[in-house]
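Understanding the architecture of this molecule
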Amino acid sequence: MELTLLPLIDDQKCFESVRKLRWPTGVTCPHCDSQQVAKRGWDETQPCRQRYHCGGCGHDFDDLTNTIFAGHHQPLRVWLLCLYFLGLNLSNRQIARELDLDEDSVHDMATQLREGIVAKQPAVVLSGEVECDEVDVVAGHKGHPEAVKKRATGTPAAFQRGSQTAHSGQRE
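Numbers given for residues are sequential positions, taken from 1 along each chain in its written order. Two thresholds apply to this predicted model, a pLDDT of at least 70 for residue-level local features and 80 or more for giving and counting side-chain atom pairs, whereas whole-chain, interface and lining totals are computed over all residues. To obtain the side-chain values, all non-hydrogen atoms of the structure were used and water was disregarded.

**Remarks on the pairing of strand E2 (residues 50-54)**
Only protein chains enter the accessibility calculation, which uses a 1.4 Å probe; a residue whose area is less than 20% of its type maximum is buried, one above 50% is exposed, and one in between is partly exposed. In this description a helix means any DSSP run of H or I spanning at least four residues, a strand means any run of E spanning at least two, and both kinds are numbered starting from the N terminus. Here E2 shows a clear split, with Gln50, Tyr52 and Cys54 buried on one side and none of Arg51 and His53 buried on the other. By the convention used here, strands pair only if DSSP detects at least 2 bridges between them. With 4 bridges joining them, strand E1 (residues 37-42) and E2 adopt antiparallel strand pairing. Looking at E2, one finds that Lys39 is bridged to Tyr52. Two strands pair when backbone bridges link them, and E2 and strand E3 (residues 60-62) are joined in this way by 3 bridges, in the antiparallel orientation. Residue pairing for E3: His53 is matched across the bridge by Asp60.

**Overview of the sheet that holds E3**
Read across the sheet, 3 strands follow the order E1-E2-E3 without closing on themselves; strand pairing throughout is antiparallel. Looking along the sheet, the strands with just one partner apiece sit at the ends: E1 and E3. Neighbour-to-neighbour, the strand axes of the sheet open up by a mean angle of 35°, direction not taken into account. Lines fitted to C-alpha atoms define the axes, with helix axes restricted to the stretch in contact, and inter-axis angles between N-to-C directions lie between 0 and 180 degrees.

**Here's the deal with the confidence of the model for the protein chain**
Per-residue confidence from the predictor is given as pLDDT, running between 0 and 100. Across the protein chain, pLDDT averages 81, with 77% of residues at or above 70. Contact criterion: two residues are considered in contact whenever any of their non-hydrogen atoms come within 4.5 Å of each other. A low-confidence stretch, residues 158-169 stays under pLDDT 50, and its non-local contacts, those more than four residues away or across chains, total 13 contacts.

**Here's the deal with unusual backbone geometry**
At Asn66, a position not held by glycine, the phi torsion is positive, near 60°. Judged by its relative accessible area of 55%, Asn66 is exposed. With a phi angle near 65°, Asn89 is a residue other than glycine that sits in the positive phi range.

**A few points about helix H3 (residues 92-99)**
Ile95, Ala96 and Leu99 are the residues of H3 that are buried. Down the axis, H3 shows its buried residues gathered within 100° of arc, on one side only. Looking at H3, the residues exposed on the side facing more than 90 degrees away from the buried face are Arg93 and Arg97. Along its buried surface, H3 packs onto helix H2 (76-87) and helix H4 (103-120). Working note: the arc is built from the helix axis to C-beta atom directions.

**Describing H4**
An α-helical turn contains 3.6 residues, so a residue and the one three or four places further along point in the same direction. In a helix, the anticipated span is given by 1.5 Å times the number of residues less one. The terminal C-alpha atoms of H4 lie 26 Å apart, and with 18 residues this matches the ideal 26 Å at 1.5 Å per residue to within 8%. Taken together, the buried positions of H4 are occupied by Val106, Met109, Ala110, Leu113 and Gly116. Buried positions in H4, seen along its axis, are confined to an arc of 130° and lie on one side of it. Turned more than 90 degrees away from the buried face of H4, the exposed residues are Asp104, Glu115, Val118 and Ala119. Packing partners of the buried residues in H4 comprise H2 and H3. Distance and chemistry together define a polar contact, namely a pair of N or O atoms within 3.5 Å, with one atom able to donate a hydrogen and the other to accept it when in protein, and with adjacent residues in sequence counting only for side-chain atoms on both sides. N-capping of H4 is provided by Asp102, with a side-chain oxygen placed 3.2 Å from the backbone N of Asp104.

**Examining the nonpolar core**
Take the buried residues of types Ala, Val, Leu, Ile, Met, Phe, Trp, Tyr and Cys, join any two whose side-chain atoms come within 4.5 Å, and each joined set is a nonpolar core. With 20 residues, the main nonpolar core has Leu76, Cys82, Ile95 and Leu99 as its most contacted residues. Counting only elements with at least two residues in this core, the list comes to helix H1 (11-22), H2, H3 and H4. Per-element accounting of this core gives the leading share, 7 residues, to H2. In this structure, Trp23, Cys29, Tyr52 and Phe61 belong to the second largest nonpolar core, which totals 5 residues.

**Considering the packing of H3 against H4**
Close contact between H3 and H4 brings their axes to 9 Å; oriented N to C, the two are set at 115°. As summarised for this structure, H3 and H4 are arranged roughly perpendicular, according to the angle between their axes. The hand of the H3/H4 crossing is right-handed. From H3, Asn92, Arg93, Ile95 and Ala96 reach across to H4, where they touch Glu103, Val106, His107, Ala110 and Arg114. Its residues assigned to classes, the contact of H3 with H4 shows 4 nonpolar, 2 polar and 3 charged. When an angle is under 35 degrees it counts as roughly parallel; over 145 it counts as roughly antiparallel; between 65 and 115 it counts as roughly perpendicular; any other value is oblique. Handedness of a crossing follows from how the near helix is turned relative to the far one, being left-handed for an anticlockwise turn of less than a right angle and right-handed for a clockwise one. Residues are grouped as follows: nonpolar covers Ala, Val, Leu, Ile, Met, Phe, Trp, Tyr, Cys and Pro; charged covers Asp, Glu, Lys and Arg; every other residue, Gly included, is treated as polar.

Encoded structure:
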């Protein structure tokens, strides 16, 4: 007997999860960030998808507006399962088999999910002391071999100014 997860996932719970993650402090307009938002019924094609109207800018939007899940024909539960399977490090072929989808569709979904995750990551800010394991030292000047030869045959600048030589301990 073969058991798949897709029929076990509830659409209502998927949309509730997206709402909680997207708006932890309450629904705000994705266009103007106003909190003057009124519920405006449910989507006709996905009955668990809440629609809203913004009193600040007048735009209508729903749970998925301006997200990577918006504008696709796959239900939200399929996207969330795909994301879950990506987290389990399953291959696109394995995900396609589990979700009963074409491998090309799963590849497109996985690519969009990865790009969405990368786009939402905050910029790295370094502070305090930063350590490096390796350092690359330029050994030459590409296209200028004469500069490398001069440096190899010359003496360090500190020794040219009359300081003590490294070997004798005497002044030049």
